[in-house]
Amino acid sequence: MALDEASEVSEAQIAVHWREEELYYPPAKFIGQANASDPAIFQRFSEEHFPECFKEYADLLTWDRYWHTTLDTSNPPFWKWFVGGRLNASYNCVDRHLARDPNKAALLWVPEPEQEPTVAVTYQELYRRVNELAALLQGFAGVKTGDRVTFHLPMVPELPVAMLACARLGVIHSQVFGGFSGAACGGRIADSQSTILVTMDGYYRNGELVDHKVKADEAVARAAEEGMTVDKVLVFRRHPGEYASKSPMVAGRDFFVDEVIGDYRDALVEPVSMPAEAPLFIMYSSGTTGRPKGCQHSTGGYLAYVTGTSKYYQDIHPEDTYWCAADIGWITGHSYIVYGPLSLGTTTVLYEGVPTYPDAGRAWRIAERLGVNIFHTAPTTIRMLRKLGPDEPKKYNYHFKHMTTVGEPIEPEVWRWYYEVVGKGEAAIVDTWWQTENGGFLGSTLPALQPMKPGSCGPGVLGIYPVIYDEDGNEVAAGSGKAGNICIRNPWPGIFQTIWGDPERFIDTYYRKYCKDPDSKDWHDWPYFANDGAMQAADGYFRILGRVDDVINVAGHRLGTKELESAAVLAEGVAEAAAVPVVDELRGRAVEMYVSLRPGFVASDEIKRGVSDVIASEIGKVAIPKNVWIVADMPKTRSGKIMRRVIAGISNFTDVGDTSTLANPEVVDDIREHVQSEKRARGEVPKALSAKDKEEIGQFGQAE
Ligand code: WTA
């Protein structure tokens, strides 16, 4: 669908209305110690050196056999990197660091209860634990190279241990975010065809010991409904010897790891030498249609890319103490808590719980006590920390040399608080734009060499050449400040290999739209469509506008509208459902759900609760709608499509736009009256929205 004149004008106007932010230069102290401080690096990664420039990243790894072909483009867009090479990711993240300093902490695990001591897992200890668990997986669970194992684990050291144990065997892991429901986990077990589920009895969150094992029973049941039998459920215990769950252990299926592992005491498992293109893991990501996409990441390309970007963009040195406060259940945690930092042999911090528990100073106490000098988090956490304790960081004696923000656009005002108050004006900040599909960063400043600009991620990172296209595939002039769809012109080693089990959808979603010639074997004809809107300022820095598809980004969690709606219609009495985003001060976006009822049902709080409950159980608590509105009828186009932008406009008190194409325009006023009067009564009228938010709401759900 071509953009009409009017929307083109308004996009350009929005770009013009954005204030140009002033630049911030990295502190001299940071530049003096940075891994990348010589501008010659830009030359090394310039397009004329592509793809060989990525040898610099691959050479950070230890290969069992060196590759013969850097990039194989013979089957576009299924790129192969470092072909002919062999390596093991577990060896690279563990074994090879033993010689230097086996007693250095690889992981520092901070339990949420503050009286529980921090646990240091040294590289030697990590080596022992990874080997024992690999032996158990191989012996007791019977998994083989190429099999899939699903984890549904919280933020505990057992999670990186399990990832590395699988990697040691060449087994493909698929970690499902611990906060997701059992049903969501079960669907992903079935999709990846895992016969083994690894979980935990419970974990601490917000002061409460959460019963987690109960979700394993739901997951196994859901997987069975979808035709997949789980043979064994391996249950770690939060406190070995005690059981934190009310859910009974199923004889012959469920086993406590701490009981079985005794048989593998001090076992050693030879790391399996894997081809560079062998899959390392699957990470599911929500998309426009109901089914989540299993993003399949490679061993050699992925590990090279996260190691290289961790070194240059996170500025990780082995002697740093690095804390990324994301969850390992997301791609950020895989790449920048586990694989990147451990491959570089540094100390990586894992925190079990909520950064503001028991109070707004917790994160800064952790930083002070552990001597954290690199800090990495998301705008949603920054907003929350700022709201609850704007002056807390000043009370603690920590010093960050470097900080990261990732996952959503950050408002310049919030960025400045991060810089001045959290970073005490001493830290270089990188705003890193990328996606589950990408393996590692796509857009960011190189911290010692490029100034920071609040609200902009920066230019494409080393070896990444972005371009903005309009809907028709014309290039939007570089640096014009006009919005369009951001694409990456070239392949890179961290790009996912395919959608697990669905290569057609992989091509359709990311390559079909801007492919110049489907028969071409030249990568220049296959730009990667990121599905994000963006604009590029005259200085080459990109500002990311968010998804062009129907995804609601709640606190950095991507929730597909279709997924939410499919869940909502499972509730008693619900006929139709539409999910829309509302601007939320803390979480960026929250979900609001509009439902219409089946005949014979009348609106009630019970029905609304039913909708929230089913969303919590199908997707997870993070997706629970802020409000559920029961309406007589949804605004629809003549072809029967729900016009989400109209109800999104109502929920956000913004202009609903043109309603003349509706089949039933008369419903709009009724819905507005009902929703907005109730919101007024509850004090939920938002402050004036920014131009960018207005644009997103105004266009929500327009993409086909
Ligand atoms: C958004 C997270 C603005 C974007 C690593 C992308 C961002 C989606 C940024 C991917 C950023 C991520 N600035 N927007 N720095 N980083 N996004 O897959 O819309 O969880 O497409 O990966 O988050 O989210 P995902």
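Draft legend 1. Summary view of the sheet that holds strand E28 (residues 574–584). Read across the open sheet, the three strands follow the order E28-E29-E30; overall the sheet is mixed. Strands with a single pairing partner mark the edges of an open sheet, and in this sheet they are E28 and strand E30 (627–630). Along the sheet, successive strands turn relative to each other by an average axial angle of 25°, direction set aside. In this structure, E28 lies alongside strand E29 (residues 588–597), joined through 10 bridges in antiparallel fashion. Following the sheet pairing, Val582 is matched in E29 by Ala590. In the packing of helix H21 (residues 691–698) onto the sheet, the strands contacted are E28 and E29, and the crossing angle to E28 comes to about 170°.

Draft legend 2. Seen up close, the site of the ligand. Neighbouring the ligand are 18 residues; Asp431, Thr436, Asp532, Arg547 and Arg558 lie closest to it. Interatomic distance of 2.8 Å between a backbone N/O atom of Thr432 and a nitrogen atom of the ligand. Contact with the protein chains hides 95% of the accessible area of the ligand, taken as 530 Å² for the molecule alone. Every element with two or more residues in the shell around the ligand is listed here: helix H12 (331–343), strand E20 (428–432) and strand E25 (542–547).

Draft legend 3. Molecular detail of the pattern of salt bridges. Within the structure shown, the criterion is met by 44 salt bridges. Arg383 is the salt-bridge partner of Glu408, the closest N and O atoms lying 3.3 Å from each other. With Glu408 in the loop between strand E19 (402–406) and helix H15 (412–422) and Arg383 in helix H14 (residues 379–388), this residue pair connects regions lying 25 residues apart in the sequence. Each member of the pair, Glu408 together with Arg383, is buried. The salt bridge involving Glu696 is made with Arg589; its shortest N-O contact spans 2.9 Å. Placement of Glu696 in helix H21 and of Arg589 in strand E29 is noted, with a sequence separation of 107 residues between them. Members of the salt-bridge network, linked through shared partners, are Glu125, Arg128, Arg129, Glu132 and Arg265.

Draft legend 4. Representation of the confidence of the model for the chain in the model. Of the residues in the chain, 96% reach a pLDDT of 70 or more, and the chain-wide mean stands at 93. Below pLDDT 50 for its whole length, residues 1–17 participates in 16 contacts with residues either more than four positions away or in separate chains.

Draft legend 5. Representation of helix H18 (residues 605–618) within the structure. The terminal C-alpha atoms of H18 lie 20 Å apart, and with 14 residues this matches the ideal 20 Å at 1.5 Å per residue to within 8%. Taken together, the buried positions of H18 are Ile607, Lys608, Val611, Ser612, Val614, Ile615, Ala616 and Glu618. Downstream of H18 by one or two residues, Gly620 has phi in the positive range, about 145°.

Draft legend 6. Spatial organisation of the state of the cysteines. Tallied over the entire structure, the rule returns zero disulfides. Free of any disulfide, Cys93 has its nearest cysteine sulfur in Cys166, 13 Å distant. With relative accessibility at 0%, the residue Cys93 sits in the buried group. Free of any disulfide, Cys185 has its nearest cysteine sulfur in Cys166, 14 Å distant.

Draft legend 7. Representation of helix H11 (residues 300–312) in the model. In this model H11 runs 18 Å from its N-terminal to its C-terminal C-alpha over 13 residues, within 8% of the 18 Å that 1.5 Å per residue would give. Burial analysis of H11 places 12 of its 13 residues in the buried class, which makes it a mostly covered element.

Draft legend 8. Structural context of unusual backbone geometry. Cis geometry is found at the peptide bond from Phe50 to Pro51, where omega equals 0°. Inspection of the secondary structure puts Pro51 in the loop between helix H3 (40–44) and helix H4 (55–58). With an omega dihedral of 0°, the bond running from Tyr357 to Pro358 counts as a cis peptide bond. As for its position among the elements, Pro358 is in the loop between strand E17 (347–351) and helix H13 (362–370).

Draft legend 9. Layout of the packing of aromatic side chains. Considering all chains together, one arrives at 48 aromatic pairs under this definition. Between Tyr313 and Phe441 the ring centres are 6.4 Å apart and the planes differ by 80°, which places this aromatic pair in the edge-to-face class. One end of the pair, Tyr313, is in the loop between H11 and strand E16 (321–324); the other, Phe441, is in the loop between E20 and strand E21 (466–469), with 128 residues separating them in the sequence. Since its relative accessible area comes to 0%, Phe441 is described here as buried. Here Trp323 and Phe375 contribute two aromatic rings whose centre-to-centre distance is 5.3 Å and whose plane-to-plane angle is 65°, an arrangement assigned as edge-to-face. Of this pair, Trp323 sits in strand E16 while Phe375 is found in strand E18 (residues 374–377), placing the two residues 52 residues apart along the sequence. There is no split in this pair, since Trp323 and Phe375 are both buried.

Draft legend 10. The arrangement of the packing of H11 against H12 in detail. H12 packs onto H11 with a crossing angle of 85° between their chain directions and a minimal axis gap of 8 Å. Considered as vectors, H11 and H12 are oriented roughly perpendicular to each other. Contacts between H11 and H12 involve Tyr302, Leu303, Val306, Thr307, Thr309 and Ser310 from the first element and His334, Ser335, Tyr336, Tyr339, Gly340, Pro341 and Ser343 from the second. Of the residues belonging to the contact of H11 with H12, the class tally is six nonpolar, seven polar and no charged.

Draft legend 11. The pairing of strand E9 (residues 202–205), seen in detail. Note: E9 against strand E10 (residues 208–211), four bridges, orientation antiparallel. The residue bridging Arg205 from the neighbouring strand is Glu208, located in E10. Turn length for the E9-E10 hairpin, with the two strands adjacent in sequence and antiparallel, is two residues, and the turn residue Asn206 shows positive phi of about 55°.

Draft legend 12. Spotlight on a negative patch on the surface. Taken together, the side chains of Asp633, Glu666, Asp670 and Glu673 make up a negatively charged region of the molecular surface. Within the secondary structure layout, Glu666 lies in helix H20 (residues 666–681). Judged by relative accessible area, Glu666 falls into the exposed class, the value being 56%.

The rules behind the values
- Residues numbered from 1 in each chain as written.
- Predicted model: local features only at pLDDT ≥ 70, side-chain atom pairs only at ≥ 80, totals over all residues.
- Heavy atoms only, no water.
- Pairing = 2+ DSSP bridges.
- Helix = DSSP H or I, 4+ residues; strand = E, 2+ residues; numbered from the N terminus.
- Axes fitted to C-alpha atoms, helices over the stretch in contact; angles between N-to-C directions.
- Contact = heavy atoms within 4.5 Å.
- Near = heavy atom within 4 Å.
- Polar contact = N/O pair within 3.5 Å; in protein donor to acceptor, adjacent residues only side chain to side chain.
- Areas by Shrake-Rupley, 256 points an atom, 1.4 Å probe, with all protein chains shown as cover.
- Salt bridge = Lys/Arg side-chain N within 4 Å of Asp/Glu carboxyl O.
- Buried < 20%, exposed > 50% of the residue type's maximum accessible area, 1.4 Å probe, protein only.
- pLDDT = per-residue confidence, 0-100.
- Expected span 1.5 Å × (residues − 1).
- Disulfide = S-S within 2.5 Å.
- Phe/Tyr/Trp six-rings, centres within 6.5 Å; stacked < 30°, edge-to-face > 60°.
- Parallel < 35°, antiparallel > 145°, perpendicular 65-115°, else oblique.
- Nonpolar A, V, L, I, M, F, W, Y, C, P; charged D, E, K, R; others polar.
- Patch = residues over 30% accessible without salt bridge, like charges linked within 9 Å, V, L, I, M, F, W, Y side chains within 5 Å.
- Lys, Arg positive; Asp, Glu negative; His and termini not counted.
- Charge placed at Lys NZ, Arg CZ, Asp CG, Glu CD.

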